[in-house]
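# Fold and geometry: a report
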Amino acid sequence: MKCRKCGAKASVNMRQHKLALCKEHYLEWVPEQTERFIKKYAMFSHDEKILVAVSGGKDSLSLWDILVRLGYRADGLYLGLGIDGGIAYSSESHRLTKEFADRNRLTLHVVDVEAEYGQSIPVLAEVSHRGHGKPCAVCGLTKRHEMNRIARDMGYDVLATGHNLDDEASVLFGNTLTWSGDYLLRQSPVLPEVPGLARKVKPLCRFYEREMTAYALARGIPYIYEECPFAEGSSTIYYKEILNQLETARPGAKLTFYLSFLEARKQGLFSEPQPTADYLHPCDNCGQPTSAPGLCSFCRMIEKTKLPQS
Ligand code: Q46
Ligand code: ZN
Ligand code: ZN
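Residues numbered from 1 in each chain as written. Chains lettered and ligands numbered in written order. Predicted model: local features only at pLDDT ≥ 70, side-chain atom pairs only at ≥ 80, totals over all residues. Heavy atoms only, no water.

### Points about the coordination of the zinc ion (ligand 2)
The coordination sphere of the zinc ion (ligand 2), as far as protein atoms go, consists of Cys3 (SG), Cys6 (SG), Cys22 (SG) and His25 (ND1), spread over 2.1 to 2.3 Å. Between the 4 donor atoms coordinating the zinc ion (ligand 2), the angles at the centre fall across 99 to 114°, so the site counts as tetrahedral. Written as a sequence motif, the donor arrangement for the zinc ion (ligand 2) is C-x2-C-x15-C-x2-H. We note that Cys22, like His25, is buried. (Donors = N, O, S within 2.8 Å, 3.2 Å for Na, K, Ca; no water. Tetrahedral: all angles 85-135°; square planar, octahedral: opposite > 155°, others 65-115°. Buried < 20%, exposed > 50% of the residue type's maximum accessible area, 1.4 Å probe, protein only.)

What follows is the structure, encoded as structure tokens:
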């Protein structure tokens, strides 16, 4: 297989795009495509300040790398979840994230959940009795809350996450199985800002997971290979396997599934999202918008975990 651009030996073959590229041209192609998606979905401009949520994995570190290479003003946010799982998951992912930031002289904000709220994620999940023995519900709630808090308090215009096509297609598949209208409406490369919440964007949402792995390897970015130990057995992973089988038989199926969904929504298959700001009001404690009166669900959870001590 030869590189389409220079004829040298290709190192990445993308059957789904009928495109093979050598390493050098692949490292040009990925940022070019990212810039195209940023513009296509009007994600952000070069004047805006971007906060990249980095986990130490290949996607978020690559996203940060790409945005910096494209000349955007992008800082990082790492959330210390306090997850060990026998592989020192959190400390190892923190180390790799910090190394990346130091090596590239980038600004990294770090929030340690235990230092901030008194408990690590697994303990918060246990004492709050949320999530049926898995900390993922509490983890997701906390991550969203903390990303929003830092973006707002530190004056960022946009919050960028490293979700790739496999992540998006898997979530879409799950939401389609149950026709979860609300979730389908909100699954988008861009979520506009509402009062109290920064705009959210997913610049990598059209890249296959293996394309991001190839990018991280070609750029020589050290990242954590292991998934979070609590991800094992999740439906997201199961749906990814199913979609991979489909992709093997029909190259491009995953991308078509996702893009057709975006197109169908644009054409009005679903109703437009309601302007949420009208019925949301600020949480009494943290000020983030919430639909419940009083405290938002994150602050309610934290209150609950404090009860036994008071
Ligand atoms: S939610 Fe669950 Fe993830 Fe949190 S506890 Fe791990 S697997 S990191 S995306
Ligand atoms: Zn080439
Ligand atoms: Zn709150």
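Structure shown, so let's carry the discussion forward.
### Brief notes about helix H7 (residues 165-177)
The terminal C-alpha atoms of H7 lie 18 Å apart, and with 13 residues this matches the ideal 18 Å at 1.5 Å per residue to within 8%. The element H7 is largely enclosed, with a buried count of 10 among its 13 residues. Where H7 is concerned, the buried positions are Leu165, Asp166, Asp167, Glu168, Ala169, Ser170, Leu172, Gly174, Asn175 and Thr176. Its side-chain oxygen 2.9 Å from the backbone nitrogen of Asp166, Asn164 forms the N-cap of H7. Looking one or two residues past H7, Trp179 carries a phi angle of roughly 45°, positive in sign. (Helix = DSSP H or I, 4+ residues; strand = E, 2+ residues; numbered from the N terminus. Expected span 1.5 Å × (residues − 1). Polar contact = N/O pair within 3.5 Å; in protein donor to acceptor, adjacent residues only side chain to side chain.)

### Here we look at the coordination of the zinc ion (ligand 3)
Protein-derived coordination of the zinc ion (ligand 3) comes from Cys283 (SG), Cys286 (SG), Cys296 (SG) and Cys299 (SG), at a distance range of 2.3 to 2.4 Å. Coordination geometry of the zinc ion (ligand 3): the 4 donor atoms subtend angles of 104 to 115° at the metal centre, consistent with an arrangement described as tetrahedral. Counting gaps between the donor residues of the zinc ion (ligand 3) yields the pattern C-x2-C-x9-C-x2-C. Neither Cys296 nor Cys299 differs from the other in exposure class; each is buried.

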